Amino acid sequence: RSRMACLSSEDRDQISAFEISPSTKCLSTETYPDQVYQYFRWSVSCGQRKIESAPADKNGKEELIEDGYLLFRKPRDEVKLLVRQLEALRDRESEVVIFEPAEPSFDLKILRPDNDEEGLKVFLFVDESSVETGISRWDAIGIRYFTDDEKLTLFINELKSEFNC
């Protein structure tokens, strides 16, 4: 298993975090040869509580959910799109990141309440029902926390490394 890109909270006493990493290489199908996608896994934690997309079984193998947690890499690379949005926020070219993959499985929003401050608000909702049923619904579990530019920069660098951007 690869290491996960982690966006953690600024709070060191009660750490919250969103982690994401690829769980497969880039894939395509004969039906849609121009589309390249990549399955990913995620985890969300808040203090001692942790929820994850595909916990490994007793043999260390992850269960992939068909049409589940995936990001398109071609024709539009969703990972690079997310990285560009995060970099624009970090570099103060933007005040907000709003990202949801084409195959909706999570919704990430990060905003800078005051453009002069380093503090950032993170809102993440995971749409499990969309993955399990193939029907996009608005019933999702969520987490919110504060982070900072330093942790955002670490997350950007880890995303680039883990997803080969």
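Just above, that's the structure.
Model, not experiment: these values are computed from the prediction. (Residues numbered from 1 in each chain as written. Predicted model: local features only at pLDDT ≥ 70, side-chain atom pairs only at ≥ 80, totals over all residues. Heavy atoms only, no water.)

1. Observations regarding the sheet that holds strand β8 (residues 119–126)
Threshold: Strands are labelled as partners when DSSP assigns at least two bridges between them. Helical segments are the DSSP runs of H or I of at least four residues, strand segments are the runs of E of at least two, and each set is numbered from the N terminus. Only C-alpha atoms enter the line fits that serve as axes; for helices the fit covers just the stretch in contact. Angles between N-to-C directions range over 0 to 180 degrees. Should any heavy atoms of two residues lie within 4.5 Å, those residues are counted as being in contact.
An order of β6-β7-β8-β9 is seen for the four strands of this open sheet, with the pairing classed as antiparallel. A strand with exactly one partner marks an edge of an open sheet, and here the two such strands are β6 (96–99) and β9 (141–148). The sheet shows a mean angle of 10 degrees between the axes of neighbouring strands, direction not considered. In the packing of helix α1 (residues 78–90) onto the sheet, the strands contacted are β6, β7 (106–111) and β8, and the crossing angle to β6 comes to about 165 degrees.

2. Comments concerning the nonpolar core
To keep it simple, the criterion reads: Note on terminology: a nonpolar core comprises buried Ala, Val, Leu, Ile, Met, Phe, Trp, Tyr and Cys residues joined through side-chain atoms within 4.5 Å. Per-residue accessibility, obtained with a 1.4 Å probe over protein chains only, is compared with the maximum for each type, and a residue is labelled buried under 20%, exposed over 50%, and partly exposed between these values.
Grouped together as the largest cluster of nonpolar side chains are 31 residues, with contacts concentrated most on Phe18, Ile20, Leu86, Phe106, Ile110 and Leu159. A per-element tally of this core places α1 first, with six residues. Other than its neighbours up to four places away in sequence, Leu86 contacts Val97, Ile110, Leu152, Phe155, Ile156 and Leu159.

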